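A look at the structure
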Amino acid sequence: MPATVLVGAQWGDEGKGKITDLISSNFEYVVRYQGGNNAGHTVIADGKKLALHLIPSGIMYDHITPVIANGTVIDPKVLLEEIDMLEREGFSTKRLKISGNAHVIMPYHRDLDGASEHRLGKNEIGTTRRGIGPCYQDKSARIGIRIQDMLDENIFRQKIEVALAEKNPILSKIYGLKEYTVDEICDEYFAYCERIRPYIEETGQFLNEALNEGKNILFEGAQGTLLDIDHGTYPFVTSSNCSAGGAVTGSGVGMKHIDRVLGIAKAYITRVGSGPFPTEIPLEEEASQKLLNIGKEFGVTTGRQRRCGWYDAVIVKYAAEVNSLTDLAITKLDVLSEFDTIKVCTAYKCEGKTYTTVPEHQSVFHHAEPVYEELPGWKCDITGCRTFYDLPREAKDYIDFIEDHAGVRVSLIAVGPSREQTILRRWK
Ligand code: GDP
Ligand code: IMO
Ligand code: MG
């Protein structure tokens, strides 16, 4: 088990934080390889609840070295707030390593994210407005600012001058927003750099050395497969590769080290932000209200209400292929306990044609009508179940149904938010 990649198999918020925390006991390193503080991962352990945006969810264990690798985008202000929060809560952040190659989110990235959403109006993506897209945009255009640039005042100042020569006119002339001066940005970011400096490391080399010494690494994906810039529901996606391939490019660790890919899926499905969602249940329907309220489906990062829908087996099968999933974890099974019957989408219909895979053309997916199978509910509390055999027959059948459709073994099942409310079915 040298390296395991953990990825969201739906549209994010599948419970990746909880499962990362749970299985971290088997690893020495937990690595974030893409995304930034658009992520919100909840961990509840030892009576404490943490909402993490940048720092890997393995932080609660003393033996874990958390790593924020090159593929991420880092807002230094948010990072330092998170470090302070963890220290206040009694978790040491001394072992944290941050890649000098990770890109830095600047104030104008946040402004441009908000402004471009505003400009899109009803066509907005519904981003988290944390500056993620504009920061990755600069990375691809090769004009981004990296963590290592902050280490040298002259280089940083020069890069900010170049950046502002382009960004200021866009901010003021296109969006009517305030311009920045080089000094104000340098003053703010040099102060951050003084605190971040001790954590900076050549994380690629560091992780490869760890693997050569026989250590185990867990890659903690953020967002989900359907939000991946290449494999998701473009343009309603995030700006990074959140599927398993991103772990390799986003960390500098080679593929030969990865021997397990664990997909996380909710027993139903949610989505925040805009974009197609075939199994969405209209908000006014009772089933939607139940999922929202019992599942407490409100965003960890933005507090937005999540759109809720029935489990979509077509999407999870797609995620199994895109990520080469070896295992699945099904979370929030307990949220379905009050339903008489539970729907599962096994295909889509569009213009008289049936699709059992995710259609490549976006307009087909936008108009996809779900084909449902209806399974009996179990109508009892399962939050105390700790083995597969403790579950009522209908819940076991539901898991078997999911497993058959995904073609991937369901190795873990979560029946509540805390660490111990989990069934380790086939996970060693
Ligand atoms: P992530 O972004 O994938 O880490 O997921 P979030 O933390 O954004 O959202 C998942 C939410 O579901 C959090 O509030 C978790 O505490 C909660 N959660 C995780 N697993 C379970 C579960 O099995 N049952 C219930 N009821 N809640 C869960
Ligand atoms: P975790 O890691 C759910 C969504 C946003 C928006 C789209 C683009 O907690 O699962 P961005 O700010 O990334 O440019 O927004 O992606 N999104 C998420 N949805 N969970 C997340 O993270 C998300 N991170 C981004 O809502 O639709
Ligand atoms: Mg989340």
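What you are looking at is a predicted structure, and each value in this text was computed from that prediction instead of being measured. The numbering scheme is per chain: residues are counted from 1 as the chain's sequence reads. Chain labels run from A onward and ligand labels from 1 onward, assigned in the order the entries are written. In keeping with the predicted nature of the model, local features appear solely for residues at pLDDT of at least 70, side-chain atom pairs appear and are counted solely at 80 or more, and the whole-chain, interface and lining totals rest on all residues. Computation of side-chain values: all heavy atoms of the structure, hydrogens and water removed.

**Considering the overall build of the protein chain**
In terms of regular secondary structure, the protein chain is built from 12 helices and 20 strands. The quantity called the radius of gyration is restricted to C-alpha atoms. Its globule counterpart is 2.2 Å times the number of residues to the power 0.38. The C-alpha radius of gyration of the protein chain comes to 22 Å, within 12% of the 22 Å expected for a compact globule of 428 residues. Counting only C-alpha atoms and orienting by the principal axes, one finds that the protein chain spans roughly 65 × 50 × 40 Å. Within the protein chain, contacts between residues separated by at least 24 positions form 75% of all contacts whose residues are at least 6 apart in sequence. Accessible area of the protein chain: about 17,600 Å², with a carbon and sulfur share of 49%. Counting from the N terminus, the helices are DSSP H or I runs at least four residues long and the strands are E runs at least two residues long. Two residues qualify as a contact provided that any one of their heavy atoms is within 4.5 Å of a heavy atom in the partner residue. With residues, only the protein chains shown are counted as cover, and all accessible areas are computed by Shrake-Rupley using a 1.4 Å probe.

**Overview of the coordination of the magnesium ion (ligand 3)**
Ideal geometry at a metal gives 109.5 degrees between four tetrahedral donors and either 90 or 180 degrees between six octahedral ones. Within the protein, the magnesium ion (ligand 3) binds to Asp13 (OD) and Gly40 (O); these donor distances fall in the range 2.1 to 2.2 Å. Of this pair, Asp13 sits in the loop between β1 (3–8) and α1 (16–23) while Gly40 sits in the loop between β2 (29–32) and β3 (41–45); the two residues are 27 residues apart in sequence, bridging distant segments of the chain. Type-normalised accessible area, obtained with a 1.4 Å probe on protein chains alone, sets the label of each residue: buried when under 20%, exposed when over 50%, and partly exposed for intermediate values. Judged by relative accessible area, Gly40 falls into the buried class, the value being 10%. Note on donors: an N, O or S atom is included if it sits within 2.8 Å of the metal, or within 3.2 Å for Na, K and Ca, and water is never included, so sites can look incomplete.

**Here's the deal with helix α9 (residues 286–294)**
The α-helix winds at 3.6 residues per turn, so residues separated by three or four positions along the chain end up facing the same way. Along α9, the residues classified as buried are Ala287, Ser288, Leu291 and Leu292. One side of α9 holds all its buried residues, which, seen down the axis, span an arc of 130 degrees. Turning to α9, the residues buried within the fold contact β13 (307–309). Note: the arc covers the axis-to-C-beta directions of the helix.

**Side note on the site of ligand 1**
Of all residues adjacent to ligand 1, which total 19 residues, the nearest are Lys16, Gly17, Gly40, Thr42 and Asp334. For this analysis, a polar contact is any N or O atom pair within 3.5 Å, provided that within protein one partner can donate a hydrogen and the other can accept it, and provided that sequence-adjacent residues contribute only side-chain to side-chain pairs. Taking Gly416, its main chain carries an N or O atom lying 3.1 Å from an oxygen atom of ligand 1. In isolation ligand 1 offers 590 Å² of accessible surface; the protein chains occlude 92% of this area. Breaking the shell around ligand 1 down by element, the ones donating at least two residues are α1 and β3. Taken together, the residues of the shell around ligand 1 break down into six nonpolar, six polar and seven charged. Annotation comment: domain bounds sourced from an automatic or database domain assignment. Among the domains, domain 1 (3–99 + 200–261) and domain 3 (267–323 + 330–424) are the pair contributing at least three residues each to the shell around ligand 1. One heavy atom suffices: a residue is near a molecule or strand as soon as one of its heavy atoms comes within 4 Å of it. Residues are grouped as follows: nonpolar covers Ala, Val, Leu, Ile, Met, Phe, Trp, Tyr, Cys and Pro; charged covers Asp, Glu, Lys and Arg; every other residue, Gly included, is treated as polar.

**Here's the deal with the sheet that holds strand β20 (residues 422–424)**
Any two strands between which DSSP finds at least two bridges are classified as paired. Read across the sheet, 10 strands follow the order β9-β7-β5-β2-β10-β1-β11-β15-β19-β20 without closing on themselves; strand pairing throughout is mixed. At either margin of the open sheet sits one strand with a lone partner, and together these are β9 (200–201) and β20. Pairing of strand β11 (residues 258–266) with strand β15 (residues 327–331) involves five bridges; the strand directions are parallel. Among the inter-strand pairings, Lys266 is bridged to a residue of β15, identified as Thr331. All axes here are fitted lines through C-alpha atoms, helices being fitted over the stretch that makes contact, and every angle between N-to-C directions spans 0 to 180 degrees. Contacting β1, β2, β10 (217–220), β11, β15, β19 (409–414) and β20, α1 runs over the sheet at an angle of about 160 degrees to β1.

**Observations concerning the site of ligand 2**
Of all residues adjacent to ligand 2, which total 20 residues, the nearest are Asp13, Lys16, His41, Thr128 and Thr238. With respect to ligand 2, the side chain of Asn38 contributes an N or O atom lying 2.9 Å from an oxygen atom. Relative to its free-state accessible area of 550 Å², ligand 2 is covered by the protein chains to the extent of 97%. Looking at the shell around ligand 2, its residues break down into seven nonpolar, 10 polar and three charged.

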